[in-house]
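Structural overview
Residues per chain are reported as follows:
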Amino acid sequence: MKILVIGNGGREHALVWKLRQSARVSEMFCVPGNGGICEEATCLPGDPKNIEGLLNLAHQLQPDITVVGPELPLSLGLVDEFKLRGLPVFGPTQAAAQLESSKSFAKEFMQRHQIPTAHYAVCSSEEDVRKSLGLFSTPMVVKADGLAAGKGVIIAATKEEAANAGAELFSGKLLGTPSERVVLEEFLEGEELSFLVFSDGERVVPLAASQDHKRVGEGDTGANTGGMGAYSTENLIDPGMVDWLLNHIARPVVAGMKLEGAEYRGVLYCGLMMTARGPMVLEFNCRFGDPETQAVLMRLDSDLVDALEASIEGRLSDGVFKWSSDASCCVVMASDGYPGSFVAGKKISGLEQAAQLTNVKVFHAGTSKRDDGVYTSGGRVLGVTARAPKLSDAITKAYEAAGMIHFEGMQYRKDIGARALKGARS
């Protein structure tokens, strides 16, 4: 069968890598791909924002499944258009993808369906922000309502900082385009958890849990990013907690969306904070996480194609995933300056040496390939990922591989998974 993956990041490289392992897959395509994906799939030019162009390409290729990686084409209705034309596609519709594309929709949806989340206020002007500040203690969280590539969240230490962050979001100074709405939230404390499920519109099946590291600096300091690393272990959460999350969050979301006329099929990413009051939803994503996908798929021992088909065709079952008891760790290597401005075009060395290590995979994110080598082309450049029976060994392997790779101005956190080791969850 033929599979088409849309996107060009580390998440898409992990998807291509895993899907290619299926004995059922004969041809793999990716639009537009990157410097690593082109080694494992036929990369074709195209813009994930250009729905018409993607439709034309799909009509030419006739893929058996199209997998939508990034959030933007989902929010633009790509899945709706593919379904309208009878093209099998994995991902939620535009209406269902509002859970990610609009923070205010997600918060109000959770309130309607009694899904645990932080207290919030939706603001449509700077004046609204100032009026709502009295509802919160500090620190507090300020979020852009729309898509922001993981960079639209500001943790404000003071109310003045929160007011300024709101003003910069409304003006467009912070993200480049003005926000129509801003969401203020109570600041939650605890351990973050990434909990992903597949849905076929009615049933949900969990993937292995993982933990992302959002801040750019070690010890969880500095600016929020799209993610600087992740790990996954068999005992990250126990079976009782998995059942709780399914019954109180994942299933109510899928049932609520169906009730509201927006059936949810695809993968649902629940970004959680495990607080003293219990698990609380920080955010929903309507696609695989990044870099969680790299860590999670490293532990998947079953055929991902079968799971995608089951979701698309409405026949998910609990046996669709089989997981290794091994742990995994993904370390993101980023360009200097990320998540702010950075300079691309730096040549990367050491990739071949790192690839020789057993149970290590270097997933490409912001890279491009030229005749004389691979170069940086984005903020997050590589996701160096390792698998081992113990988390401590997976972490050691990932950093051993990262130590073999070099490009000018590279930065990466040296403490991915460190909290888990201190908590004896290795």
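Residues numbered from 1 in each chain as written. Predicted model: local features only at pLDDT ≥ 70, side-chain atom pairs only at ≥ 80, totals over all residues. Heavy atoms only, no water.

Topic: the overall build of the chain
- Each helix and strand counted, the chain has 14 helices and 23 strands in total.
- Its C-alpha radius of gyration of 20 Å places the chain within 12% of the 22 Å reference for a compact globule of 426 residues.
- Across its three principal axes, the chain shows a C-alpha extent of roughly 55 × 45 × 45 Å.
- Scored against the burial criterion, the 426 residues of the chain give a buried share of 58%.
- Partitioning the intrachain contacts of the chain with sequence separation of at least 6 by distance along the chain shows that 69% fall at a separation of at least 24.
- Accessible surface, the chain as shown: approximately 16,900 Å² in total, 48% of it carbon and sulfur.
- Averaged over its 43 positive side-chain charges, the chain has a centre that lies 1 Å from the centre of its 53 negative ones. (Helix = DSSP H or I, 4+ residues; strand = E, 2+ residues; numbered from the N terminus. Rg over C-alpha atoms; globule rule 2.2 N^0.38 Å. Buried < 20%, exposed > 50% of the residue type's maximum accessible area, 1.4 Å probe, protein only. Contact = heavy atoms within 4.5 Å. Areas by Shrake-Rupley, 256 points an atom, 1.4 Å probe, with all protein chains shown as cover. Lys, Arg positive; Asp, Glu negative; His and termini not counted. Charge placed at Lys NZ, Arg CZ, Asp CG, Glu CD.)

What about the sheet that holds strand β16 (residues 265-275)?
- The 4 strands lie next to each other as β11-β10-β16-β17, forming an open sheet whose pairing is antiparallel. Edge positions in the sheet fall to β11 (204-206) and β17 (278-285), since each of these pairs with one other strand and no more. With strand direction ignored, the average angle separating the axes of adjacent strands in the sheet is 35°.
- The sheet contact formed by strand β10 (residues 191-200) and β16 spans 10 bridges and is antiparallel. Across the sheet, the residue bridging to S194 is G271, located in β16.
- Contacts from helix α9 (residues 239-259) reach β10, β11, β16 and β17 within the one sheet, and its direction differs from that of β10 by about 55°. (Pairing = 2+ DSSP bridges. Axes fitted to C-alpha atoms, helices over the stretch in contact; angles between N-to-C directions.)

Considering unusual backbone geometry
- Following V31, the chain continues to P32 via a peptide bond in cis, the omega torsion being -5°.
- Inspection of the secondary structure puts P32 in strand β2 (residues 27-32).
- Following T138, the chain continues into P139 via a peptide bond in cis, with omega recorded as 0°.
- Considering the arrangement of structural elements, one finds P139 in the loop between α7 (126-132) and β7 (140-144).
- At D220, a residue that is not glycine, the phi angle is positive and equals roughly 55°.
- Turning to its location among the elements, D220 is positioned in the loop between β13 (215-217) and β14 (221-224).

Here we look at the pattern of salt bridges
- Evaluated as defined, the whole model comprises 31 salt bridges.
- Between D47 and K49 there is a salt bridge, and its shortest N-O distance comes to 3.4 Å.
- By relative accessible area, which is 33% here, D47 ends up partly exposed.
- For K49, a relative accessible area of 49% puts it in the partly exposed group.
- The closest approach of N and O atoms between D145 and R181, which form a salt bridge, is 3.0 Å. Residue D145 is located in the loop between β7 and β8 (153-156), and its partner R181 is located in the loop between α8 (159-171) and β9 (182-186); the two are separated by 36 residues in the primary sequence.
- D145 gets classed as buried once you look at its relative accessible area, which sits at 6%.
- Because the salt bridges share partners, they merge into one network encompassing R24, D306, E309, E313 and R315. (Salt bridge = Lys/Arg side-chain N within 4 Å of Asp/Glu carboxyl O.)

Brief notes about the packing of aromatic side chains
- On inspection of all chains with the given rule, the structure shows 8 aromatic pairs.
- Ring plane angle 20° and centroid distance 6.1 Å describe the contact between F105 and F109, whose orientation is recorded as stacked. Of this pair, F105 and F109 both sit in helix α6 (residues 103-112), 4 residues apart, roughly one helical turn. The burial state of F105 is the same as that of F109; both residues are buried. (Phe/Tyr/Trp six-rings, centres within 6.5 Å; stacked < 30°, edge-to-face > 60°.)

Digging into α9
- Spanning 21 residues, α9 covers 28 Å between terminal C-alpha atoms, matching the ideal 30 Å at 1.5 Å per step.
- In α9, a bend of some 40° at L246 exceeds every other bend along the element.
- Among all positions in α9, only V242, L245, L246, I249, A250, P252, V253, V254, G256 and M257 are buried.
- Buried residues along α9 sit in contact with α5 (98-101), α6, β10, β11, β16 and β17.
- Its side-chain oxygen placed 3.1 Å from the backbone nitrogen of G240, D238 serves as the N-cap of α9.
- G261, located one to two residues past α9, shows a positive phi value of around 85°. (Expected span 1.5 Å × (residues − 1). Bend = angle between axes of the 7 residues up to and from the residue. Polar contact = N/O pair within 3.5 Å; in protein donor to acceptor, adjacent residues only side chain to side chain.)

Observations regarding the state of the cysteines
- Considering all chains together, one arrives at 0 disulfides under this definition.
- Of the cysteine sulfurs around C270, a residue in no disulfide, the closest is that of C286, at 9.6 Å.
- In this structure C286 comes out as buried when scored by relative accessible area, which is 2%. (Disulfide = S-S within 2.5 Å.)

Points about the nonpolar core
- L99, F195, M257, F284 and I405 are the most contacted members of the largest nonpolar core, which has 76 residues in total.
- The greatest single-element share of this core, amounting to 8 residues, is contributed by α9.
- Residue contacts for F284: discarding those within four places in its chain leaves L99, E100, A106, M110, I249, V253, L268, Y269 and C270.
- Among the nonpolar cores identified, the runner-up in size contains 37 residues, and V16, A208, L304 and L308 belong to it. (Core = buried A, V, L, I, M, F, W, Y, C linked by side-chain atoms within 4.5 Å.)

Function-wise, these values are silent; they only describe arrangement.
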